[in-house]
Amino acid sequence: MDYFALFIDGICLLGQGVMHILFVGRLTGKKLKPPHFAGYILLLTALQLAAVRLSLSGTLSIAACVLELYAVSHFWMGNPPSVSWLAAVLACYISQLSFGMINSVEAALFPPLIGSPLLYLLLLAAQVLFFALCAGCYYAAGKLLAWTEDSQTPYIGLLLFPGLFFFASELYILETAYSFFAPIVSLEEVGKHSTLLLLQVMGLAALLCTLYAYRHLCQGFQAQAALQSLTQAAQAQKIYITEAQARCEQTKSFRHDIKNHLSVLDGLLRSGKLDESRAYLEKLETVSESLSFPYQTGNPVVDILLGEKLGLAKEIAAEVSLVLPQPCGIDDFDLCVLFANALDNAIAACRAGDGAKAIRISGKQQGDFCMLTFENTCSDKPLPPAGTGLSNIKAVAEKYHGALLTEKNGQRYYLRVLLNISPHNPQSM
């Protein structure tokens, strides 16, 4: 029995099992646990024993390995099927590709050393080099393919067919081009294995280029979606601003005419026409209410936005204790971006939680800086990744030399935005 070969096979099996799980965990962002490693390595060991006993071909053994890794990723780690298939194919392909590259070097250089004790040391060195090459390839692939559930899920399946093509090509090379070492290798054989090594290096480069192109494709889709979202938000905010300006003009007109209204009311009272006076007052009250806002912040654009957003969420208790200073160095459009996104996030979080639903908006000014605080109820579950809304709020805060802070405490979520509201702020010019 060749104990050295058994030792090499055991080390290779253990190392590949560990690296496969590490790669899948890093690719999908899942927290790995010891049972993941132990379970998968046991499955690989059982597969290897079955392959030896049943004399299975290498291709069938590798296909079974892909199925095992898919099962662990999907059923045990809870990853989506498309992501699990891709992770399994890439993990097994990279390990087989690394093995093939090292095998090309061994087939070209090691045959003359058969029977020499030096061969064992070189085989151990080749095994170490295999693990290093494999780890480097996994690292590069993980860097290029940082999968996130919110952005790349719809497109992850696009990579499965290129991955299968690369994998099938590598398996064909391994099955047809390599055999047991012969004591003497001709220059023709050396050239053949050198060519195979070059082809496999090109295959690795093609895979990395495909992953790089895929990442930029996803970034393009994300940028397009963000642009569409911003365009829609800009249109809505223009409507808010136009409505606020119209409401402001109506208020000015009402204030201009108030003296005339008071004169008419005074004449009616002097004439003893109480019923007519009461009717006239009711008309004035109706006009006054139509010009007033449910929330008074000192900025008509923000007042209209608060009234509309919170008015549509009647099931949520809202409290607004905010007065924006006048003059304020923040552009109305930027105020719309900030409040619209903060309110949308707060309302969505409230509706996702159980029990009482509440939103509280407050502000505190100190010198040229103002701290806006949005507090809302939410669920106990972890918050989703920051989306376009928070990115827009952060952009406004940074534009006015401020900052954005978020905090979750139980079923309470806090969003704090610090802004420089000085009218001399160059950003407001």
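Before reading further, recall that the structure is shown in the block above.
About the cut-offs
- Residues numbered from 1 in each chain as written.
- Predicted model: local features only at pLDDT ≥ 70, side-chain atom pairs only at ≥ 80, totals over all residues.
- Heavy atoms only, no water.
- Pairing = 2+ DSSP bridges.
- Helix = DSSP H or I, 4+ residues; strand = E, 2+ residues; numbered from the N terminus.
- Axes fitted to C-alpha atoms, helices over the stretch in contact; angles between N-to-C directions.
- Salt bridge = Lys/Arg side-chain N within 4 Å of Asp/Glu carboxyl O.
- Buried < 20%, exposed > 50% of the residue type's maximum accessible area, 1.4 Å probe, protein only.
- Parallel < 35°, antiparallel > 145°, perpendicular 65-115°, else oblique.
- Left-handed = near helix turned anticlockwise from the far one by under 90°.
- Contact = heavy atoms within 4.5 Å.
- Nonpolar A, V, L, I, M, F, W, Y, C, P; charged D, E, K, R; others polar.

Account for the sheet that holds strand 1 (residues 317–321), naming residues and giving values.
In spatial order, the strands read 1-2-3-5-4; together these 5 strands make up an open sheet with mixed pairing. Both edges of this open sheet fall to strand 1 and strand 4 (403–409), since each of them pairs with a single strand only. With direction set aside, neighbouring strand axes in the sheet form an average angle of 15°. Where strand 3 (residues 369–377) lies against strand 5 (residues 412–420), 9 bridges are found, and the strand directions are antiparallel.

I'd like to hear about the pattern of salt bridges, residue by residue, with values.
Taken as a whole, this structure holds 6 salt bridges when the rule is applied. Two residues, Glu315 and Arg351, come together in a salt bridge whose shortest N-O distance is 2.7 Å. One end of the pair, Glu315, is in the loop between helix 9 (300–311) and strand 1; the other, Arg351, is in helix 10 (residues 332–352), with 36 residues separating them in the sequence. You can call Arg351 partly exposed: its relative accessible area is 47%. Among the salt bridges present, the one from Glu319 reaches Arg360, with a minimum N-O distance of 3.5 Å. With Glu319 in strand 1 and Arg360 in strand 2 (residues 358–366), the pair connects residues that are 41 residues apart, well separated along the chain.

Go over the environment of Pro35 with me, naming the residues and quoting the values.
Among the secondary structure elements, Pro35 is positioned in helix 2 (residues 34–54). Judged by relative accessible area, which is 43%, Pro35 ranks as partly exposed. Separated by 41 residues in sequence, Pro35 and Trp76 place their C-alpha atoms 9.9 Å apart.

Outline the packing of helix 1 (residues 3–28) against helix 4 (residues 81–109), supporting the account with residue identities and numerical values.
With their axes 10 Å apart at the nearest point, helix 1 and helix 4 run at an angle of 140° to one another. The orientation of helix 1 with respect to helix 4, classified from their angle, is oblique. Crossing of helix 1 over helix 4 shows right-handed handedness. Contacts between helix 1 and helix 4 involve Gln16, His20, Phe23, Val24, Leu27 and Thr28 from the former and Val83, Ala87, Leu90, Ala91, Cys92, Ser95 and Gln96 from the latter. Partitioning the contact of helix 1 with helix 4 into residue classes produces 8 nonpolar, 5 polar and no charged.

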